[in-house]
Amino acid sequence: MKKAHLLWTLLAVCLFVPNLLWAKNYVISTAKTSLVLRTEPGKRVDFVYYGSRIDRVNDIYATKSAVNWNAYPVFGTNCRAEHALAVTHANGDLSLELETVKVESYKDEKDGGNVTEFQLRDKVFPFYVKLFYKTYEDSDVIKTWTEYSHKEKSDVVLRKFASAYIPMLANDYWLSYLAGQQNSESDLYEEPINRGRKMLGDHDGTRNAFKTHASFMVSQGRPQENSGNVFGGTLAWSGNYDISFVRDYSHGRLEITAGMNPEMSHYYLKPNEVFTTPEFIFTYSTEGKSGVSRQFHRWARNHQIIDGTKTRDILLNSWEGVRFNVNQAGMDKMIRGISELGGELFVMDDGWFGDKYPRNDGTSSLGDWVLCREKLPNGIDALINSCEERGIKFGIWIEPEMVNSKSELYEKHPDWVVRQPDREPTPGRGGSQLLLDMCNPKVQDFVFKVVDDLLQKHPRIHYIKWDANFSANNVGSYYLPKDRQSHFYIEYHRSLQKVLERIRAKYPKVIIQLCASGGGRLNYGLLPYFHENWTSDNTDALQRLQIQWSVSMFYPSNVIAAHVSRSPSKGANNPSSLKFRFDVAMTGRLGLELRPETFSESEKLFAKRAIETYKGIRDIIQLGDIYRILSPFDKENLYSTQLFATPKKDRAVFFAFCPYYRRNQPAPALKMAGLDPNRNYRIRELNPLDPQKPASINGKVVSGRFLMEQGIVLRWEKGDRQSAVLELTAE
Ligand code: DGJ
């Protein structure tokens, strides 16, 4: 027995040690993280490690932290295993087996990213795969994507085509993800990842964050905001997606596969055509979920969001104030209202267009992007003039991918809509809304022209709200050939990106908001073309506290449009004070969504002061580092707190919310996070109800260490939905 054991050990050493010695480890490091992959020509690429930065690869082996598993498994020779790619070759064969041909490292001159590229080929067929990993020096984030091509005799069918596959060693993992629906977007769910398969996915066709987001975090142990090891991932794609988590106890691994949703989307890849998957973007922090958020935010502001390092204007949007009831007098009142309050931009929402069919509700006019003269006889320029006379800018709403069957556009081009030719289409909003077929280049030109015409005719339009309120229903394209209908879901989004690229090439400066029935389209695939996202049509401050909290897990505050609306807001019966509503909205990109003329004098005064205050801190909120502390989702918490700090930690803003007051509960000490323990901070209360009677902490100087270790006790009055905002300035 002993002899046999020795022989086996010797054999294992002979097989394994040379592999260790000859195979090369590719260590892709950022300031705080390292990804290690290993391969050699003729072998597969192995995923060795991803986590805290290592300077010695031996640390991984010494601690048995190596995953040593396929970095991009394909269907073919280990069919029961998870796979990231599956194809049908030109001759009908279903198998793949990839080997490394070459590895290259270089700088992407376009954006300064450092790329490591693994070039692989199948052992039998002329089918090629490239795996890319890209990092940026200023950021602890890695982007990965894949490319496929082939030289087979005819098309190869792609049946599964994931952007990324990440294996992790077995552990006590918890998944945090966002899911919901219109008006209750982005509910945060946190659960242990048990044995089996968990899927996050979407097949809406157009609005892929309408229900479940393509973003998640995986924590080791129960998720914490400011401690613990956390992996964060997000798929930069606006179409259908599919992210799976497979906990395989027998192999001791958690396997994450993320990419486009292949359902109803098999893709015929022509010889020499290159298919590129969307980017999967990931990061890792030892500072909890907020640590992952800060890394995503920094990377996104620097590399993924248009004008990401700039703050955004304070605006008034007309939608909740007047809905479709747009007219000259109403718009004039709103323009006057927001300018008197110190706002910077007015946005005219839905209801301004339609000539033959004026847009009075959701049943008509989409597609006819001409001013409704009946409603606005003086034209758009008169509105812009009126804004400019009052020192503010002008913005406008469009929904250019859509059409109503009651519209001039539909009368002219019924074949431009997404539908199956032999069936009546099933419409959406208003019983007549349909989706235009973006795969059709004529439709692409039309959508580009909607924006181009508006901006050519009215070059002073500063802001566009781009809405999308319908999914892809009756999926079918008059444009795509009969045998390429399954390309629709992918082509739609590739075409949308093409149009957005044309728009951005011509109009790089116009601010464009991404909106889809609220926050239905929030993803990093579209954000390179947009400045911000409309977070939700639910503007109830209490519910926004939760929605904005969870969105902040992945997106920085300059992208999170947060508007003060009337109380109680439509659809929720949670009356709250103007102060509470302002304080909640001030954690994001502050705006208003009501008729300012309905404010009382004291409300006007409060709003004016709050807007002025926000201007003084918006760089900290929108461009600073977030530390979420007490979660509004945690039923154990009576309070919810968060803090934004400059990277130098010399200025910070602390928000404390008391959503539900409990009688006779002593006020707890609220601890801060993210401050410099060795500096003292002068505290100033912002947005006090009565500036003559600020909180007793106002004007005091307290050390960062004390504020983080012991916290502060605030005085709460009786009553639900109270809040306090404190500015901290290092002495
Ligand atoms: C849906 C958006 O989410 C709203 O903010 C508003 O713009 C309406 N569409 C207008 O129809």
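Every value quoted in this text rests on a predicted model; they were computed, and no experiment measured them. (Residues numbered from 1 in each chain as written. Predicted model: local features only at pLDDT ≥ 70, side-chain atom pairs only at ≥ 80, totals over all residues. Heavy atoms only, no water.)

**Q** Help me understand the overall build of the chain in this model?
**A** A tally of helices and strands in the chain yields 13 helices and 38 strands. Taking the principal axes of the C-alpha coordinates as reference, the chain spans close to 90 × 70 × 45 Å. A total of 731 residues make up the chain; the buried ones form 60% of that total. Nonlocal contacts in the chain, meaning residues at least 24 apart in sequence, comprise 69% of its contacts between residues at least 6 apart. (Helix = DSSP H or I, 4+ residues; strand = E, 2+ residues; numbered from the N terminus. Buried < 20%, exposed > 50% of the residue type's maximum accessible area, 1.4 Å probe, protein only. Contact = heavy atoms within 4.5 Å.)

**Q** Mind showing me how you'd approach the sheet that holds strand S38 (residues 722-730) here?
**A** Pairing between the strands of a sheet is mediated by backbone hydrogen bonds and can be parallel or antiparallel. The six strands are arranged S31-S32-S33-S38-S35-S36 in an open sheet whose pairing can be described as antiparallel. Among the strands making up the open sheet, the edge pair consists of strand S31 (625-630) and strand S36 (701-703). Mean inter-strand twist for the sheet, computed between neighbouring axes without regard to direction, equals 25 degrees. When strand S33 (residues 651-658) meets S38, the two strands line up antiparallel, connected through eight bridges. Along S38, the bridge assignment pairs phenylalanine 654 with leucine 726. (Pairing = 2+ DSSP bridges. Axes fitted to C-alpha atoms, helices over the stretch in contact; angles between N-to-C directions.)

**Q** Sorry, what's going on with unusual backbone geometry here?
**A** The omega torsion of the bond from serine 567 to proline 568 falls at -10 degrees, within 30 degrees of zero and hence cis. With respect to the element layout, proline 568 can be found in the loop between strand S29 (560-565) and helix H11 (578-585). The phi torsion at arginine 323 lies on the positive side, around 50 degrees, for a residue other than glycine. Along the chain, arginine 323 falls in the loop between helix H4 (319-322) and helix H5 (328-341). Phi angles above zero are rare outside glycine, and serine 365 is one such case at about 85 degrees. Along the chain, serine 365 falls in the loop between strand S22 (345-348) and helix H6 (379-389).

**Q** Just checking my understanding: could you explain the packing of H11 against helix H12 (residues 601-623) for this structure?
**A** Any two packed helices are characterised by how steeply their axes cross, that is the angle between the axes, and by the distance between the axes. As a packed pair, H11 and H12 sit with axes 11 Å apart at the nearest point and diverge in direction by 20 degrees. The angle between H11 and H12 places the two elements in the roughly parallel class. Relative to H12, the crossing made by H11 is right-handed. Listed contacts from H12 to Leu578, Lys579 and Phe582 of H11 are Glu603, Phe606, Ala607, Ala610 and Ile611. By residue class, the composition of the contact of H11 with H12 is six nonpolar, no polar and two charged. (Parallel < 35°, antiparallel > 145°, perpendicular 65-115°, else oblique. Left-handed = near helix turned anticlockwise from the far one by under 90°. Nonpolar A, V, L, I, M, F, W, Y, C, P; charged D, E, K, R; others polar.)

**Q** What is the right way to read the environment of phenylalanine 296 from this model?
**A** Its location among the elements puts phenylalanine 296 in helix H3 (residues 288-304). It is 28 Å that separates the C-alpha atoms of phenylalanine 296 and phenylalanine 580, two residues lying 284 residues apart in sequence. Residues contacting phenylalanine 296, with those up to four places away along its chain left out, are Val141, Gly232, Gly233, Thr234, Ile281, Phe282, Thr283, Tyr524, Met553 and Phe554.

**Q** I'm lost on the packing of aromatic side chains in this one. Help?
**A** Between two aromatic rings, the relevant description is the distance of the centres plus the angle of the planes. For the coordinates displayed, the defined rule picks out 35 aromatic pairs. Between phenylalanine 118 and tyrosine 133, the ring centres sit 5.9 Å apart and the planes meet at 85 degrees, which makes this aromatic pair edge-to-face. Taken together, the positions of phenylalanine 118 in strand S7 (residues 114-122) and tyrosine 133 in strand S8 (residues 127-135) put the pair 15 residues apart, joining distant regions of the chain. Judged by relative accessible area, phenylalanine 118 falls into the buried class, the value being 0%. For tyrosine 133, a relative accessible area of 5% gives the class buried. Considering the side-chain rings of phenylalanine 216 and phenylalanine 280, the 6.1 Å spacing of their centres and the 20 degrees angle between planes classify their relative orientation as stacked. In this pair, phenylalanine 216 sits in strand S14 (residues 212-220) while phenylalanine 280 sits in strand S20 (residues 279-285), placing the two residues 64 residues apart along the sequence. Note on accessibility: phenylalanine 216 and phenylalanine 280 belong to one class, buried. Put simply, the rings of Tyr50, Phe216, Phe231, Phe245, Phe280, Phe282 and Tyr284 touch in pairs and so form one group of aromatic residues. (Phe/Tyr/Trp six-rings, centres within 6.5 Å; stacked < 30°, edge-to-face > 60°.)

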